[in-house]
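Observations on the model geometry
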Amino acid sequence: MTEGHGDDLYRYSELVKMNFSSNIYQHADLSALKAHLASRLDLIGNYPPPRPRQLERLIARKEGISPEAVMVTNGGTEAIYILAQRFHHSASIIPQPTCVEYADACRMFDHIISYENTEDLTTLPADRVYWICNPNNPSGNVLMKGFIDYIVRRSPRYTFVIDQSYGSSTQEELLRAREMQGLSNLYIIHSLSKTFCIPGLRLGYITADPSLINLLRPLSQPWSVNALAIEAGLYLLEHEPQVIPPLDSYLEETERLRQSLRQIDGIRVFETKTNYMLCEMDSKTAPSLKDYLIHEHGMLIRDCSNFYGLSDHFFRVSTQLPEENDALVEAIRTFMAL
């Protein structure tokens, strides 16, 4: 497992006052969920179901598909590792930069990994797995739904893993599970952890044709999803509380933050379709910026130097409260002038 993922709050918990490192909104209103879980703490005294069928049925109803086309996982990360195990010793194409967990999982299960280099694509075996994060992390860009639909349907020999974990953070149209049933080469990863800002509970799921899901189930460990996570999933999907600001206003604030960062000399800020953005500094490094922000201002950002293809000049931030965003801009401006 790669150290240094977003939100390494555990390293700096006593210092952090503002957390821009995770792509999760840090001020989510989870009061209703907390109250519900507090009333259900008796669940921890018994084993959860080996397979969370009730939650899978609820997800299936929301998605408009069969429960047999849904597999609940211990976060999107377990989904990634199960899929890597399913295709062990395969050739995997992982366009960069993207989530580092794909390559970690593929290495664990002895994949031949290509970062989409032209020379690799001419020599790799014809049977391949393509890993596509959409919306992408760390860039925040989103591939058009029609484009992904087209390449999946016209390339039946290739397997596609489309990770839509950050789908709730964009207004762009993405693949819908009910529209993709019947395809024998597509798996879609979803994350309730990110949708409802509960990464500590670890809750995700895979959708695919039932024949494909049946091949994955034996690879999952019994009780991989704990009882409180299952209960949280059931509550959240039944009630769908608004835990973050309305998406249109949240993304407007994201663009305001992006434009403010762009005004700082020596920083390039990439366009984004999500609530997070990738930044590059001309001369100074992300580790030094991270160290300065955490110790001088109590702010945590994501150093992106461990993303394949990115140097130590790249960092990522996510949009938080307007006053916090303004404070971040001024702190970075001060650092760049040192």
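Look up: the structure comes first, before these words.
The notes below deal with the structure included here.

Calculation criteria
Residues numbered from 1 in each chain as written. Predicted model: local features only at pLDDT ≥ 70, side-chain atom pairs only at ≥ 80, totals over all residues. Heavy atoms only, no water. Helix = DSSP H or I, 4+ residues; strand = E, 2+ residues; numbered from the N terminus. Rg over C-alpha atoms; globule rule 2.2 N^0.38 Å. Buried < 20%, exposed > 50% of the residue type's maximum accessible area, 1.4 Å probe, protein only. Contact = heavy atoms within 4.5 Å. Areas by Shrake-Rupley, 256 points an atom, 1.4 Å probe, with all protein chains shown as cover. Lys, Arg positive; Asp, Glu negative; His and termini not counted. Charge placed at Lys NZ, Arg CZ, Asp CG, Glu CD. Pairing = 2+ DSSP bridges. Axes fitted to C-alpha atoms, helices over the stretch in contact; angles between N-to-C directions. Salt bridge = Lys/Arg side-chain N within 4 Å of Asp/Glu carboxyl O. Core = buried A, V, L, I, M, F, W, Y, C linked by side-chain atoms within 4.5 Å.

Glancing now at the overall build of the protein. The helix and strand tally for the protein stands at 13 helices and 13 strands. Compactness check: the protein gives a C-alpha radius of gyration of 20 Å against a globular reference of 20 Å for 338 residues, within 12% of the reference. Dimensions along the principal axes, computed over C-alpha positions, put the protein at roughly 60 × 60 × 35 Å. Expressed as a percentage of the 338 residues in the protein, the buried residues total 54%. Considering only intrachain contacts with a sequence separation of at least 6, the fraction spanning at least 24 residues in the protein is 73%. Counting only carbon and sulfur atoms, one obtains 51% of the accessible surface of the protein, whose full area is about 15,300 Å². Measuring between centres, the 31 positive side-chain charges of the protein sit 5 Å from its 42 negative side-chain charges.

So, about the sheet that holds strand E4 (residues 112–114). Pairing in this open sheet of 7 strands is mixed, and the strands run E2-E8-E7-E6-E5-E3-E4 from one edge to the other. The sheet terminates laterally at strand E2 (70–73) and E4, the two strands that pair on one side only. Strand-to-strand twist in this sheet, taken as the mean axis angle between neighbours without regard to direction, amounts to 20 degrees. Relative to E4, strand E3 (residues 91–93) runs parallel, the two sharing 3 bridges. Across the sheet, the residue bridging to isoleucine 93 is serine 114, located in E4. Across the sheet, helix H3 (residues 53–63) touches E2, strand E7 (186–191) and strand E8 (204–207), and the angle it forms with E2 is around 125 degrees.

Before going further, it helps to spend a moment on the sheet that holds strand E13 (residues 314–318). Two strands in a sheet stick together by hydrogen bonds in their backbones, pointing the same way (parallel) or opposite ways (antiparallel). Taken in spatial order, the 4 strands make up an open sheet running E9-E10-E13-E12, and their pairing is antiparallel. Because the sheet does not close on itself, it has two edges, and the strands there are strand E9 (267–269) and strand E12 (302–303). With 2 bridges connecting them, E12 and E13 associate as antiparallel partners. The residue of E13 that forms the bridge with aspartate 303 is phenylalanine 315.

This brings us to the pattern of salt bridges. Charged atoms that come close allow side chains of opposite charge to pair. The final tally for this structure, using the stated rule, is 17 salt bridges. Taking the shortest distance from any N to any O, the salt bridge between arginine 51 and glutamate 56 comes out at 2.7 Å. Glutamate 56 gets classed as buried once you look at its relative accessible area, which sits at 1%. Taking the shortest distance from any N to any O, the salt bridge between glutamate 68 and arginine 51 comes out at 3.4 Å. Of the two residues, glutamate 68 is situated in the loop between H3 and E2 and arginine 51 in the loop between helix H2 (31–38) and H3; the sequence distance between them amounts to 17 residues. Overlapping salt bridges bring together Arg51, Glu56, Glu68 and Arg217 as one network.

Counting residues in each nonpolar core, the largest one holds 33 residues, and the members touching the most others are Leu33, Leu55, Ile59, Val72, Ile198, Leu203 and Leu237. For this core, the elements supplying multiple residues, two or more each, are H2, H3, E2 and helix H10 (227–239). With 8 residues, the top contributor of residues to this core is H10. Setting aside its immediate chain neighbours within four residues, valine 72 contacts Pro52, Leu55, Glu56, Ile59, Leu203, Gly204, Tyr205 and Val225.

What follows covers the pairing of strand E10 (residues 276–281). Counting buried positions over the 6 residues of E10 gives 5, a clear majority of the element. Pairing of E9 with E10 involves 3 bridges; the strand directions are antiparallel. By the bridge assignment for E10, isoleucine 267 is matched with methionine 281. From the end of E9 to the start of E10, which pair antiparallel, there are 6 residues.

In this structure, the amide linkage connecting asparagine 134 to the following residue, proline 135, adopts the cis form with an omega of 5 degrees. Along the chain, proline 135 falls in the loop between strand E5 (128–133) and helix H7 (145–154). A cis geometry characterises the amide bond from asparagine 137 onward to proline 138, with omega recorded as 25 degrees. Mapped onto the elements of the fold, proline 138 is located in the loop between E5 and H7. With a phi angle near 60 degrees, aspartate 110 is a residue other than glycine that sits in the positive phi range. Summarising the element assignment, aspartate 110 is placed in the loop between helix H5 (101–108) and E4. For aspartate 110, a relative accessible area of 47% puts it in the partly exposed group. A positive phi angle, close to 45 degrees, is found at glutamate 240, a residue other than glycine. Mapped onto the secondary structure, glutamate 240 falls in the loop between H10 and helix H11 (247–262).

Remember, this is a structural readout, not a statement about activity or role.
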